[in-house]
Amino acid sequence: MEAYVLDQLYVCDAKAGFGSSASDTGKGKSKMSGKQITHGFHLIKGKSNHAMEDYVFAQFKQVQDKELGLFAIFDGHLGHDVPDYLQSHLFDNILNEHDFWTETETAIRRAYDVTDKKILDKAVDLGRGGSTAVTAILFNGEKLIVANVGDSRAVICKNGVAKQLSVDHEPANEREDIEHRGGFVSRFPGDVPRVDGQLAVARAFGDKSLKRHLTSEPDIAEEVIDEDTELIILASDGLWKVMSNQEAVDLVKNTKDAQTAAKQLTEEAVTRKSKDDISCIVVKFQRSFLC
């Protein structure tokens, strides 16, 4: 089955490149002088009988005198319409917030909420499914802001050490909040805790039938990109179910090409018997002091 991805490269306000949505791999690079920042992505369809439900967004965008690196993984469930919608609208909604440049975290939280409400309003068209999301915004190659709902994950590597920037929103960890909203967490049916016995994440976009017991409130982290920064990995849980943060970093920290690194990670996850859809973005910071 074809992977659903979108890779765009903008220079100033013009499109310099536009990858096909039918592709399952791609790459791009920053146009900032003096900084060699590249990204690559790769997706692999899982063993399930349904269509591919992972979507990827990867873009460098010039806004006035600033460059933004926009990266995201959207891992859908019960259909691909919600992650497809997120791929097309979430970053636009974030950037269109009036206080994006001055109160970025507040703007991101508001945009997540607005986007979720629009998805719920469009449930007749988008269906009853939902999606996790992890978004990363890179400001001039100097600052990174990560936001997430669900269990898609963002990891940064500095001096060879992995650091998780996102939060895995597992129902067992948010049982009190779920029960306060009138829901419950149960391992039946199945072998993992689920909200109302159905959904294995405590936060997600969509899922109208469960929304009273869920939230789309993101956790947000900010990280300085300094000379110790080597790479960033964003991936769906199809990767993280079979690989620790440090194992992922160790596998690709010496791979110079970001697209090759993303492919290495997804293929290693398959080798480790991951059966889920797997999507991965790697952002590499190539500097002379790196090995």
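Residues numbered from 1 in each chain as written. Predicted model: local features only at pLDDT ≥ 70, side-chain atom pairs only at ≥ 80, totals over all residues. Heavy atoms only, no water.

The name given to the chain in an unreviewed UniProt entry is protein-serine/threonine phosphatase, with the source organism recorded as Papaver somniferum. One UniProt comment on the chain, placed under Sequence similarities (unreviewed entry), says "Belongs to the PP2C family." (UniProt positions renumbered as here; feature names shortened; annotations may be inferred.)

Participant: What is the right way to look at the pairing of strand S4 (residues 36-44) in this model?
Facilitator: Consecutive residues of a regular strand have side chains that alternate between opposite faces of the sheet. When strand S3 (residues 25-29) meets S4, the two strands line up antiparallel, connected through five bridges. Paired with threonine 25 across the bridge in S4 is histidine 42. If you look at the hairpin formed by S3 and S4, you'll find six residues sitting between the two strands, and glycine 34 has a positive phi there, around 85 degrees. In terms of strand pairing, S4 meets strand S16 (residues 278-286) through nine bridges, oriented antiparallel. Looking across to S16, one finds that phenylalanine 41 is bridged to isoleucine 281. (Pairing = 2+ DSSP bridges. Helix = DSSP H or I, 4+ residues; strand = E, 2+ residues; numbered from the N terminus.)

Participant: Even after reading the chapter, I still don't get the environment of serine 186, so can you show me in this structure?
Facilitator: Along the polypeptide, serine 186 turns up in strand S11 (residues 185-186). In this structure serine 186 comes out as buried when scored by relative accessible area, which is 19%. For the pair serine 186 and arginine 175, spaced 11 residues apart in the sequence, the C-alpha separation amounts to 9.6 Å. (Buried < 20%, exposed > 50% of the residue type's maximum accessible area, 1.4 Å probe, protein only.)

Participant: In this structure, what is going on with the pairing of S16? I would like to understand it.
Facilitator: The element S16 is largely enclosed, with a buried count of nine among its nine residues. Of the two faces of S16, both are covered, the one formed by Ile278, Cys280, Val282, Lys284 and Gln286 as well as the one formed by Ser279, Ile281, Val283 and Phe285. Here five bridges tie strand S15 (residues 229-235) to S16, and the two strands are oriented antiparallel to one another. Counterpart to isoleucine 233 in the pairing with S16 is valine 282.

Participant: What should I look at first to understand the UniProt feature "domain: PPM-type phosphatase" (unreviewed entry) in the chain in this one?
Facilitator: According to UniProt, the feature "domain: PPM-type phosphatase" (unreviewed entry) maps to residues 38-285 in the numbering used here. Secondary structure content for residues 38-285 is 28% helix and 33% strand, and the end C-alpha separation is 7 Å.

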